[in-house]
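A structural walkthrough
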Protein chains: 2
Amino acid sequence: MKEISKLMNYRSDVRVIDATLRDGGLVNNFFFTEKFIRDLYLANIKAGVDYMEFGYKADREMFDESKFGPCKFCDDEFIQSIVGENNTDLKIAVMADVGRCDYKNDIHDRSESPVDLIRVATYLHQIPTAVDMIEDAKSKGYEVSCNIMAISNGQESDVKVALDILGQSPVDVFYIVDSFGSLYPEQIARIADIYLDFAAKYNKKVGIHAHNNQQLAFANTIEAVGDGVDWLDATYASMGRGAGNCAMELLLGFLKNPKYNVYPVIRFIEEHMNKLREEGTVWGYDVQYLLTGLFNQHPRTAIQFTQENRKDYSEFYKEIIAQD
Amino acid sequence: MKEISKLMNYRSDVRVIDATLRDGGLVNNFFFTEKFIRDLYLANIKAGVDYMEFGYKADREMFDESKFGPCKFCDDEFIQSIVGENNTDLKIAVMADVGRCDYKNDIHDRSESPVDLIRVATYLHQIPTAVDMIEDAKSKGYEVSCNIMAISNGQESDVKVALDILGQSPVDVFYIVDSFGSLYPEQIARIADIYLDFAAKYNKKVGIHAHNNQQLAFANTIEAVGDGVDWLDATYASMGRGAGNCAMELLLGFLKNPKYNVYPVIRFIEEHMNKLREEGTVWGYDVQYLLTGLFNQHPRTAIQFTQENRKDYSEFYKEIIAQD
């Protein structure tokens with residue numbers, strides 16, 4: 001059982017990362033209004049959030065610019081148009097996917113960029129390229145984290161090898177990522193143990209990015225922070241792919257560090273998030289996402305089910321069962 | 001950390017209680033159609049659910065019969081009209097609130113009733129009456145459980161005295177009840193420890209009834225079952241007062257006992273629960289419930305906010321802060 005004295009207090013090493021534009025952008029192809037982005041930036045500053053992720057550094061060779069909003073590409077000039085010199089305590093992050101980012105050309109020197117943190121996202125079978133991206137970003141002056149995706153489908157021994165390789169790279173933070181929303185808090189506790197062991201060995205930090213397929217994104221995040229995980233991803237009103245993420249309003253309500261303030265988050269949700277839903281943007285827990293989470297599958301079939309406005313959960317259940 | 005071998009297996013002592021009609025009835029004044037109730041009964045049988053709670057034994061002197069559906073009063077004849085002789089493995093439960101139930105007259109001998117389990121619900125300051133109700137129900141031949149409500153607002157020392165008194169009564173099960181949805185899994189672990197100590201001393205079982213104000217109803221329930229709590233309340237699609245309860249579809253997906261089957265639950269939700277929502281019945285997580293949970297308050301102000309179709313969360317936040 002966790003020590004009650006530690007639960008009542010806080011660790012100053014904890015960092016909160018707002019991933020609304022990035023994970024939420026997967027729901028609306030990153031078509032956020034400029035006002036939305038600007039207000040979110042201001043809300044994060046007032047709420048004491050540590051990092052704001054603006055989106056992806058996606059390769060224009062692979063993605064048609066006309067089909068996505070600017071947060072898909074996160075040009076330095078675009079971010080600057082929102083944050084100016086960013087003379088605030090809020091740091092700026094972008095995500096760079098292995099295989100979908102022309103990092104050598106599209107990520108410029110930190111001295112020329114408003115970005116502070118490059119978040120490299122990789123599958124287990126892409127670790128060497130992830131390491132190359134980490135070294136590239138580090139040499140350009142950035143803080144760097146690395147998300148190992150879909151670990152609930154990977155072998156623990158492979159995860160350990162990956163952490164050992166990443167440990168020897170200049171990355172600052174290892175991220176536990178529950179891509180399919182299939183993990184229970186008990187499993188998060190075990191996984192956090194593994195990540196924290198490698199982090200201690202190589203002097204790294206550990207983070208968590210959770211999904212809400214089984215209504216456990218917040219529960220898994222607070223399990224992790226109780227276990228010693230420091231970097232916590234959240235999104236406003238849980239906005240994110242499929243069932244969404246850990247809700248920022250829940251997380252800031254839970255954290256005890258007086259620098260965090262939930263009220264600006266509540267205000268932003270009131271002004272912007274309900275409107276997004278009314279305009280037809282759909283995300284959040286529903287039975288189809290529970291089912292892909294339960295069966296430890298990628299949510300793509302559930303996302304399609306949602307997009308087709310289907311509600312025949314029992315047929316979907318049979319389709320999923322038949323897939324194996 | 002919990003033993004992985006225990007997590008992979010199951011305890012045959014675990015019991016699942018469907019509280020949809022009872023806690024869900026608080027949302028629609030118990031106006032369920034007969035088809036809804038009958039289909040729910042059949043779904044519970046197919047799903048392997050252990051107990052189905054039909055509603056309250058409310059005192060007609062206190063509650064106007066014309067303003068509620070039959071599940072508010074749970075006459076034996078009404079339940080019999082659904083379950084007949086109930087020659088199934090599914091047992092029938094009803095709730096009797098201290099101070100709102102004419103138990104001496106309205107609860108008949110078990111030999112004349114389709115009910116198996118009387119669930120006494122009490123606040124800490126009503127324990128002696130709860131004991132009288134427990135003794136009354138036991139003497140009439142029922143299984144009896146006791147919910148101590150609103151413990152997140154009570155003193156631990158008072159809870160211990162209550163458990164010691166109840167331990168000496170003929171009650172079968174003590175229930176942990178997070179009435180305000182304010183407890184975190186870490187707190188549930190500590191509370192479960194206390195309840196399980198008294199249960200061991202007096203040879204009782206322990207149950208849990210959770211609310212979803214902070215999206216933790218399922219997480220708190222699986223925390224509890226991992227700690228040794230056996231009786232687990234859930235409702236279809238989380239239907240219940242305010243933010244609702246632990247979702248049956250999540251719980252049965254998690255439990256490993258092969259007697260449980262999530263598919264009939266999915267089917268029932270598809271046929272009935274989305275329709276209820278479309279007809280205007282409102283329940284489930286929203287920011288106003290998060291806030292009453294976070295501030296450890298009764299959800300009545302959030303329920304009123306919901307009923308008034310308000311969405312000005314930030315004003316509600318200020319109202320709550322001003323209350324203290």
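As a starting point, this report considers the structure included with it. (Residues numbered from 1 in each chain as written. Chains lettered and ligands numbered in written order. Predicted model: local features only at pLDDT ≥ 70, side-chain atom pairs only at ≥ 80, totals over all residues. Heavy atoms only, no water.)

Re the overall build of chain A
A tally of regular secondary structure across chain A gives 14 helices and eight strands. When the backbone C-alpha atoms are referred to their principal axes, chain A occupies close to 55 × 45 × 45 Å. When contacts within chain A are restricted to residue pairs at least 6 apart in sequence, long-range pairs at least 24 apart make up 76% of them. Total accessible area on chain A stands at roughly 12600 Å², and carbon and sulfur atoms take up 47% of it. Of the charged side chains in chain A, 34 are positive and 50 negative, and the gap between their average positions amounts to 3 Å. (Helix = DSSP H or I, 4+ residues; strand = E, 2+ residues; numbered from the N terminus. Contact = heavy atoms within 4.5 Å. Areas by Shrake-Rupley, 256 points an atom, 1.4 Å probe, with all protein chains shown as cover. Lys, Arg positive; Asp, Glu negative; His and termini not counted. Charge placed at Lys NZ, Arg CZ, Asp CG, Glu CD.)

Points about helix α7 (residues 156-167) of chain A
Residue and element names in this part refer to chain A. Between its first and last C-alpha atoms α7 spans 16 Å; for 12 residues at 1.5 Å apiece the expected length is 16 Å, and the two agree. Residues of α7 that are buried: Val159, Ala162, Leu163, Leu166 and Gly167. When α7 is viewed along its axis, its buried side chains cluster within an angular range of 135° and face the same direction. In this fold, the buried residues of α7 make contact with α6 (127-139), β5 (143-148), β6 (173-177) and α8 (185-202). (Expected span 1.5 Å × (residues − 1). Buried < 20%, exposed > 50% of the residue type's maximum accessible area, 1.4 Å probe, protein only. Arc of directions from axis to C-beta.)

Points about the pattern of salt bridges
Think of it this way: side chains of opposite charge can pair up when their charged atoms draw near. Residue and element names in this part refer to chain B. Inspection of the entire model under this criterion finds 52 salt bridges over all chains. Ionic pairing is found between Asp227 and Lys2, a salt bridge with its closest N-O pair at 3.6 Å. Here the residue Asp227 occupies a position in helix α9 (residues 217-227), and Lys2 occupies one in the segment before α1 (4-8), the gap between them amounting to 225 residues. Ionic pairing is found between Lys138 and Asp172, a salt bridge with its closest N-O pair at 3.0 Å. (Salt bridge = Lys/Arg side-chain N within 4 Å of Asp/Glu carboxyl O.)

Brief notes about the interface of chain B and chain A
Each partner contributes residues to the interface: chain B has 43 residues there, and chain A has 43 residues. Across the interface of chain B and chain A, roughly 3800 Å² is buried in total on both sides, 65% from carbon and sulfur atoms. On inspection of chain B and its partner chain A, the count reaches zero salt bridges. Taken together, the links from chain B to chain A amount to 12 residue pairs in polar contact (both at pLDDT 80 or more). (Buried area = accessible area lost by both parts, 1.4 Å probe. Polar contact = N/O pair within 3.5 Å; in protein donor to acceptor, adjacent residues only side chain to side chain.)

Side note on the pairing of strand β4 (residues 117-122) of chain A
It is a general feature of regular strands that their side chains alternate between the two faces of the sheet. Residues and elements named next belong to chain A. Within β4, six of the six residues are buried, which leaves the element mostly enclosed by the surrounding structure. The two faces of β4 match: Leu117, Arg119 and Ala121 on one face and Ile118, Val120 and Thr122 on the other face are all buried. Both β4 and β5 contribute to a ladder of six bridges, which runs parallel. Directly across from Leu117, in β5, lies its bridge partner Glu143. (Pairing = 2+ DSSP bridges.)

Here's the deal with the relation of the copies chain B and chain A
Each copy superposes on the other: chain B lies on chain A with an RMSD of 0.0 Å after a rotation of 180° and an axial shift of 0.0 Å. Accordingly, the operation relating the two chain copies is best matched by a two-fold axis. The overlap is high: 100% of the interface residues of chain B also sit at the interface in chain A, so the same surface is used on both sides. (Least-squares fit on C-alpha atoms with pLDDT ≥ 70 in both.)

Here we look at unusual backbone geometry
Residues and elements named next belong to chain B. Backbone geometry at Cys74 places phi at a positive 50°, although glycine is not the residue there. One can find Cys74 in the loop between β2 (51-56) and α4 (76-83). Cys74 gets classed as buried once you look at its relative accessible area, which sits at 0%. At Gln215, a position not held by glycine, the phi torsion is positive, near 55°. Residue placement: Gln215 occurs in the loop between β7 (205-209) and α9.

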